[in-house]
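Topology and contacts: notes
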Amino acid sequence: VITRPEMEIGRYHWMYRSSRPHRYHHVPALRGNVSPLGIQGCFECCIKCLGGVPYASLVATILCFSGVALFCGCGHVALTGTVSILEQHFSTTASDHALLSEVIQLMQYVIYGIASFFFLYGIILLAEGFYTTSAVKELHGEFKTTACGRCISGMFVFLTYVLGVAWLGVFGFSAVPVFMFYNIWSTCEVIRSLQTNVTVPGDQICVDIRQYGIIPWNAVPGKACGPILENICNTNEFYMSYHLFIVACAGAGATVIALIHFLMILSSNWAYLKDASKMQAYQDIKAKEEQELQDIQSRSKEQLNSYT
């Protein structure tokens, strides 16, 4: 039987913790730049920020911007040089190449639109990469993925796939002027190599632009032969247009690679978000069950106290 003085002593020890025997706890040693109050230092904060950067999306964005900039900038200048070459050497009548000039002008306006669209689209995909990286790394925090976010990620996957297929066509189309200029340049090289051979005159070697279908067959002169063709190859417009078309084709290829890279990243992120939603549903159910168990325990304690 517990006497009343013993009960008072036990109550005194319970109310005043300082009267209890002191227990020593092991304090871990401080490492790095962590302050004694548990606040992270500058180095840890930088590492944490760098860990949330989507490096794959960042590389794909830089590659996409570079490819689109090369294609649009070099393609625009090369088209202007092509019109100048046609007007001076292959189609002296304005009505013969009027349709071609309108098409090239329309293509230049399309280039402006492509540059603007992909600048915004690249930023959106980079932001989506940051969003998905945060969603994956903060599953146990307050951040929650939603069905709308997963739907947007799936939409980006589909749109990037469509753009990738379209840019494959653009890449193939950009190789056509490179092929045409290469044929003209190789013909000029043949004319230069035949200058020492008297038996084969260079005037018989010609390039007919009309066979490519860019100007009508009644265009005058429509073709260039011998020394005239060699002089065309030596002009600054031909040299610049040829090399700019090559760079534009390379930019289109880089854009295709960037879109394929984006497609892989978006597909992976969408799968991560899908797994994250399942993990969140499991955590919500677990938290609900723990809360119900705590409520049951608290009610049981209250009932026990009421009986005692």
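Residues numbered from 1 in each chain as written. Predicted model: local features only at pLDDT ≥ 70, side-chain atom pairs only at ≥ 80, totals over all residues. Heavy atoms only, no water.

Topic: the overall build of the chain
For the record, the criterion: Counting from the N terminus, the helices are DSSP H or I runs at least four residues long and the strands are E runs at least two residues long. Here the term buried applies to any residue with accessible area under 20% of the maximum for its type, exposed to any over 50%, and partly exposed to those in between, with areas from a 1.4 Å probe on protein chains only. We call two residues contacting when some pair of their heavy atoms lies within 4.5 Å.
Helix and strand counts for the chain come out as seven helices and two strands. What you see in the chain, going N to C, is helices and strands ordered as α-α-α-α-α-β-β-α-α. Counting over 308 residues, the chain shows a buried share of 31%. Look at the contacts in the chain between residues 6 or more apart in sequence, and 77% of them connect residues 24 or more apart.

Here we look at the layout of surface pockets
For the record, the criterion: Here a cavity denotes grid points, spaced 1 Å and computed from the protein atoms alone, that fit a 1.4 Å probe unable to get out, and a pocket denotes an open set having protein on both sides within 12 Å along at least 5 of 7 lines; residues with an atom within 4 Å of a point are the lining. Grid points are joined across faces, edges and corners, and a volume is the space filled by probe spheres set on the points.
Counted as a void, the largest pocket has a volume near 650 Å³. Lining the largest pocket are 28 residues, and of these L79, M107, F173, P177 and F245 sit closest to its centre. Elements that contribute at least two residues to the lining of the largest pocket include exactly α3 (55-90), α4 (98-137), α5 (147-193) and α7 (236-307).

Comments concerning the pattern of salt bridges
Side-chain pairs of opposite charge can arise where the charged atoms are in close proximity. Applicable threshold: In what follows, salt bridge is the name for a side-chain nitrogen of Lys or Arg lying within 4 Å of a carboxyl oxygen of Asp or Glu.
In this structure the tally under the stated criterion is three salt bridges. A salt bridge links E230 to R192; the nearest nitrogen and oxygen atoms lie 3.8 Å apart. With E230 in helix α6 (residues 226-233) and R192 in helix α5, this pair connects stretches of sequence that are 38 residues apart. Close ionic contact of R210 with D208 constitutes a salt bridge, the shortest N to O distance being 3.0 Å. For the pair R210 and D208, a shared accessibility class is recorded, and that class is buried.

Some words on the nonpolar core
For the record, the criterion: Here, the term nonpolar core denotes a set of buried Ala, Val, Leu, Ile, Met, Phe, Trp, Tyr and Cys residues that are joined through side-chain atoms within 4.5 Å.
Core analysis: the biggest nonpolar cluster contains 51 residues, and V68, F90, F118, W167, I184, I209 and L229 have the highest contact counts within it. Elements represented by at least two residues in this core include exactly α3, α4, α5, α6 and α7. Ranked by the residues each element gives to this core, the list is headed by α7, at 13 residues. Not counting the four nearest positions on each side in its chain, F118 is found in contact with C64, F65, V68, L163, W167 and L259.

Overview of the UniProt feature "transmembrane region" (unreviewed entry) in the chain
Note the threshold: UniProt positions are given in the numbering used here, feature names are shortened, and annotations may be inferred rather than shown by experiment.
In the UniProt entry, the feature "transmembrane region" (unreviewed entry) is given for residues 58-86, 106-131, 152-176 and 244-266. For residues 58-86, helix accounts for 100% and strand for 0%, while the C-alpha atoms at its two ends are 42 Å apart. Between the end C-alpha atoms of residues 152-176 there is a gap of 37 Å, over a span that is 100% helix and 0% strand.

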